[in-house]
Amino acid sequence: MEEIMVREFHTEGRVIACVPFGSGHINRTWLVVTNTPRLYIMQQVNTQIFRNPDGLMNNILLVTEHLRRKDPAPGRVMALVDTLDGRKYITREDGLWRMYDYVAGGVCLEQAETTEDFMMSGKAFGQFQRDMADFPAEKLTEAIPGFHDTPARFEALRRAAKADTMGRAAQAAAELDFLTAREEYAGMLTRLQRAGTLPLRVTHNDTKLNNVMLDGETHEPKCILDLDTVMPGLAATDFGDAIRFGASTAAEDEPDLSKVHLDLRLYEAFARGFLGACGGSLTEAERETLADGARIMTLELASRFLADYLAGDTYFHIDREGHNLDRARTQIALVKDMEEHDAEIRRMLQSI
Ligand code: GN1
Ligand code: MG
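Please read these numbers as outputs of a predicted model, since none were measured by experiment.

A.B. asks: Hey, could you run me through the site of ligand 1 in this one?
C.D. replies: Not every one of the 17 residues close to ligand 1 is listed here, only the nearest: His 25, Asp 206, Lys 208, Arg 304 and Tyr 315. Contacts to ligand 1 include Asp 226, whose side-chain N or O atom sits 3.0 Å from an oxygen atom. One of the side-chain nitrogen or oxygen atoms of Arg 244 is found 3.5 Å away from an oxygen atom of ligand 1. For ligand 1, the cavity whose grid points lie within 2 Å of the majority of its atoms is the largest pocket. It is helix H11 (residues 290-311) that contributes the most residues to the shell around ligand 1, three residues altogether. Taken together, the residues that form the shell around ligand 1 break down as eight nonpolar, three polar and six charged.

Printed below as a string of structure tokens:
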């Protein structure tokens, strides 16, 4: 299908290849090669999951326009390629199709090579917070309603365990117990937001290290990728999701748990980058909940991976049997480290 869809966009030159690209769990992505030096990224967005494609694309258009006003230099903000009939995307039964200019000269890391790199990704997401601080969050659609409604995520886990449609709950009993014991705590940010203690911001909601493109030479932040989940949210969850993914010593799906630890030096590096770039725009309450953001996002992802494992892997792409259970287990290993080092982490954050 991609060979057909790629002809629907206004590319320069003739398309000579369309190669699977990246490591997303939800959408499908291709690198489009032409007979000119120009490259493109084409994506088929999963509309079973993103059920409001027009709202999602409207978010992206509004946000990229706002960011481009702040920094008009080429390659700093993702730019959509027009379709042949002058639109920005195509919606069909099999999903939403769109194309971006490929940002040349950048690198995306799956794991931080140096603490400096991770600091740079903190800087990028902090800058995003600051650049979007004067944008009215209520103009954005909730691309996935209740995306970080942690209590609802735990409720979904409970339902999946109870239904146990695949007969897998027995294998995951220890993980279920671990998460259930932390359910009350995990709802804390959602409660503080509903009470008005934490303000709604424009947040990215998928602040993984591999969603920041760094300059290939200087490793300074170049461009933030994957704007699909940009919507109103909490600063602490953007901070926390980045720590969850990037401050781990292992990949999100590492099956050997002895390799999975929280790296406090990486944690601190990200925090320095993030707070340095957005610091002044955060309230005291927001700063105080950053450590909770990291722990709660990790608990939330653990419950999402586990619920998907129990329900038969219908949400996150898997490459092997038990993939989502492995993912849930790495998240739990990280939570254990976060709990053990909580006092130290809070002291470190306070000192920045
Ligand atoms: C999904 O597909 P990807 O990698 O952009 C998920 C995120 C998770 C992430 C875990 C829409 O993101 O919430 O944090 O996997 N995106 C959606 O790696 O659910
Ligand atoms: Mg994403």
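A.B. asks: Please clarify how helix H8 (residues 235-246) should be interpreted in this entry.
C.D. replies: Quick reminder: α-helices carry 3.6 residues per turn. Residues three or four places apart thus point the same way. Taking 1.5 Å as the rise per residue, H8 with 12 residues should run 16 Å; its terminal C-alpha atoms sit 17 Å apart, in good agreement. Those residues of H8 lying buried are Ala 235, Ala 236, Thr 237, Asp 238, Phe 239, Gly 240, Asp 241, Ala 242, Ile 243, Arg 244, Phe 245 and Gly 246.

A.B. asks: Looking at this model, I keep getting lost on the packing of aromatic side chains. Mind explaining?
C.D. replies: For the structure on display, the rule yields nine aromatic pairs. The interplanar angle of 55 degrees and the centroid separation of 6.1 Å between the aromatic rings of Phe 239 and Tyr 267 together place this pair among those described as tilted. Residue Phe 239 is found in helix H8, and its partner Tyr 267 is found in helix H9 (residues 264-278); the two are separated by 28 residues along the sequence. The class for Tyr 267 is buried, based on a relative accessible area of 0%. What links up through ring pairs into an aromatic cluster is the set Phe 118, Phe 239, Tyr 267, Phe 270 and Phe 274.

A.B. asks: Which parts of the structure should I look at to understand the domain arrangement of the chain?
C.D. replies: Partitioning the chain into structural domains gives domain 1 (2-104) and domain 2 (115-351). Centre-to-centre separation of domain 1 and domain 2, based on C-alpha positions: 26 Å. Considering only the side of domain 1, the residues that lose the most area to domain 2 are His 25, Asn 59 and Val 63, jointly responsible for 25% of the buried surface there. For the interface between domain 1 and domain 2, the tally reads two salt bridges. Across the pair Lys 70 and Asp 134 runs a salt bridge whose closest N-O atoms are separated by 2.9 Å. Summed over the shared surface of domain 1 and domain 2, the result is 13 residue pairs in polar contact (both at pLDDT 80 or more). Of the residues assigned to the side of domain 1 that touches domain 2, the class counts are 12 nonpolar, 10 polar and three charged.

Rules of the game
- Counting of residues starts from 1 at the beginning of each chain's written sequence and follows it residue by residue.
- Think of it this way: whatever chain is written first is A, whatever ligand is written first is 1, and the rest follow in order.
- With pLDDT at 70 or above as the cut-off, local features in this predicted model cover only qualifying residues; side-chain atom pairs require 80 or more to be listed or tallied, and sums for whole chains, interfaces and linings still use all residues.
- Hydrogens and waters are ignored; side-chain quantities use all the structure's heavy atoms.
- Whether a residue is near a molecule or strand depends on its heavy atoms: if one lies within 4 Å, it is near.
- Contacts described as polar in this section are N or O atom pairs within 3.5 Å, which, within protein, must combine one atom able to donate a hydrogen with one able to accept it, while residues neighboring in sequence count only if both atoms come from side chains.
- A 1.4 Å probe that fits but cannot get out identifies a cavity on a 1 Å grid over protein atoms alone, an open set with protein on both sides within 12 Å along at least five of seven lines counts as a pocket, and a residue lines either if it has an atom within 4 Å of a point.
- What decides whether a molecule sits in a cavity or pocket is whether more than half of its atoms lie within 2 Å of the grid points.
- Helix and strand labels come from DSSP, where a helix needs a run of H or I of at least four residues and a strand needs a run of E of at least two; each type is numbered from the N terminus.
- Only Asp, Glu, Lys and Arg are considered charged in this grouping, and only Ala, Val, Leu, Ile, Met, Phe, Trp, Tyr, Cys and Pro are considered nonpolar; every other residue, Gly among them, is considered polar.
- Any helix carries an expected span of 1.5 Å times its number of residues minus one.
- For each residue, the accessible area found with a 1.4 Å probe, counting protein chains only, is set against the maximum for its type, and the residue is called buried under 20%, exposed over 50%, and partly exposed in between.
- Working definition: rings of Phe, Tyr and Trp (its six-membered ring) pair if their centres are within 6.5 Å, and the pair is stacked with planes under 30 degrees apart, edge-to-face with planes over 60 apart, and tilted otherwise.
- Residue ranges assigned to each domain were obtained from an automatic or database domain assignment.
- When two components associate, each loses some accessible surface as probed by a 1.4 Å sphere; the sum of these losses over both components is called the buried area.
- The salt bridge definition used is simple: a Lys or Arg side-chain nitrogen within 4 Å of an Asp or Glu carboxyl oxygen.

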